[in-house]
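Below, each chain spelled out in residue letters.
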Amino acid sequence: MIFKICGLKNLETINCCERNNVDFYGMIFYEKSPRNISVNDAKILTEFSKKLKIKSVGVFVNHNINDLKKIISYLNLEYIQLHGSENQPYIDEIKKQSNLKIIKKISIQTAGDLDKIYKYKNIDYLLFDYKPTYNELPGGNSKSFDWNLIKARKIDLPWFISGGINEGNIKKMQNILNPNGIDLSSGVEESPGIKSNAKINKLIRKFHDD
């Protein structure tokens, strides 16, 4: 199972993730989010994590593509997550730059939303998340969608499940789904934007408990 924890801001949390064999940590470049990080602070994290196994992921929401390219280059990112309504030409333009791996978010509310999995080419992972309402953030809302919607769906690309996963429901998710990866954020926080090492430790232990 691939684990990704999104919205990291400090070295202590990276160390906690590394101890728990978390595969990816996400840095969110979206000013409206309580998990937003500056490029300079992100540079500190990426430089620090070079010596670790965990990989950094830049998370963007309909970001200006020229600015996004500069951030990718400055931070030397190998993975990015597109968490907005980015279209195929946008994805293709990014892919011209390098061998960058792209995670594309698809918001799920109904079975029909899953048809979007055929919409995108030239991406490496899908991420299924709760579909926000008009006044909600694009992610990190502590809310889940109906996991049964994707239970029987054949999905060719490796995919992450996201949206309100926490210690209390991770076993339920395991009983319903078999994703390639789990993406966590609000479920391991003390408050929006503040990660809890204790919650990370407990959730990872709970996942591996028989």
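A.B. asks: Lay out the pattern of salt bridges with the relevant residues and their values.
C.D. replies: Scanning all chains against the criterion turns up 14 salt bridges. The closest approach of N and O atoms between Lys96 and Glu93, which form a salt bridge, is 3.3 Å. Residues joined in a network through salt bridges with shared partners are Arg35, Glu189 and Lys195.

A.B. asks: Tell me about the environment of Lys4, and name the residues and values.
C.D. replies: Position of Lys4 relative to the elements: it lies in strand β1 (residues 2-6). Note: C-alpha distance between Lys4 and Asn21 (17 residues apart in sequence) is 10.0 Å. Residues in contact with Lys4, not counting those within four places in the same chain, are Val22, Phe24, Val57, Val59, Gln81, Ile103, Phe160, Ile182, Asp183 and Leu184. Polar side-chain contacts of Lys4 include one of 2.7 Å to the side chain of Gln81. Side chain to side chain, Lys4 and Asp183 meet in a polar contact 2.6 Å long.

A.B. asks: Outline the layout of surface pockets, supporting the account with residue identities and numerical values.
C.D. replies: Approximately 200 Å³ is the volume attributed to the second largest pocket. Lining the second largest pocket are Thr46, Ser49, Lys50, Leu52, Ile54, Lys55, Ser56, Leu75, Asn76, Leu77, Glu78 and Tyr79. Counting only elements with at least two residues in the lining of the second largest pocket, the list comes to α2 (39-49) and β3 (55-60). When the residues that make up the lining of the second largest pocket are grouped by side-chain class, the tally is five nonpolar, four polar and three charged.

A.B. asks: If you had to explain the packing of aromatic side chains to someone new, which residues and values would you point to?
C.D. replies: How two aromatic rings sit relative to each other is set out by the distance from centre to centre and by the angle between their planes. By the definition in use, this model includes six aromatic pairs. Seen in terms of ring centroids, Phe3 and Phe207 are 5.0 Å apart; in terms of plane orientation they differ by 90°. Their pairing is edge-to-face. Of the two residues, Phe3 sits in strand β1 while Phe207 sits in helix α6 (residues 197-208), which places them 204 residues apart along the sequence. For the pair Phe3 and Phe207, one class covers both residues: buried. Through successive ring pairs, a cluster of aromatic residues spans Phe24, Tyr79, Tyr125 and Phe160.

What counts, and at which threshold
For every chain, the first residue of its written sequence is number 1, and the numbers climb from 1 along that sequence. Per-residue local features of the predicted model are confined to residues with pLDDT of at least 70, and side-chain atom pairs are confined, for both listing and counting, to 80 or more; whole-chain, interface and lining totals are unaffected and use all residues. Excluding hydrogens and water, the side-chain values take into account all heavy atoms of the structure. Take a side-chain nitrogen of Lys or Arg and a carboxyl oxygen of Asp or Glu: if they are within 4 Å of each other, that pair is a salt bridge. A run of H or I in DSSP becomes a helix once it reaches four residues, and a run of E becomes a strand once it reaches two; helices and strands are each numbered from the N terminus. Only heavy atoms enter the contact rule, under which two residues are in contact if any of them lie within 4.5 Å. Between N or O atoms, a polar contact is any pair within 3.5 Å; within protein, one atom must be a potential hydrogen donor and the other a potential acceptor, and residues adjacent in sequence are included only when both atoms are from side chains. Only protein atoms enter the calculation, which uses a 1 Å grid: trapped sets of points that fit a 1.4 Å probe without letting it out are cavities, open sets showing protein on both sides within 12 Å along at least five of seven lines are pockets, and any residue with an atom within 4 Å of a point is a lining residue. Grid points are joined across faces, edges and corners, and a volume is the space filled by probe spheres set on the points. Under the convention adopted here, Pro, Cys and the residues Ala, Val, Leu, Ile, Met, Phe, Trp and Tyr are nonpolar, Asp, Glu, Lys and Arg are charged, and Gly plus all remaining residues are polar. Stacked, tilted and edge-to-face are the three classes assigned to paired rings of Phe, Tyr and Trp, where Trp is represented by its six-membered ring and a pair needs centres within 6.5 Å; plane angles under 30 degrees give stacked, over 60 edge-to-face, the rest tilted. Remark: exposure states derive from per-residue accessible area (1.4 Å probe, protein chains only) relative to the maximum for the residue type, with buried under 20%, exposed over 50%, and partly exposed in between.

Read these as spatial facts, not as claims about activity.
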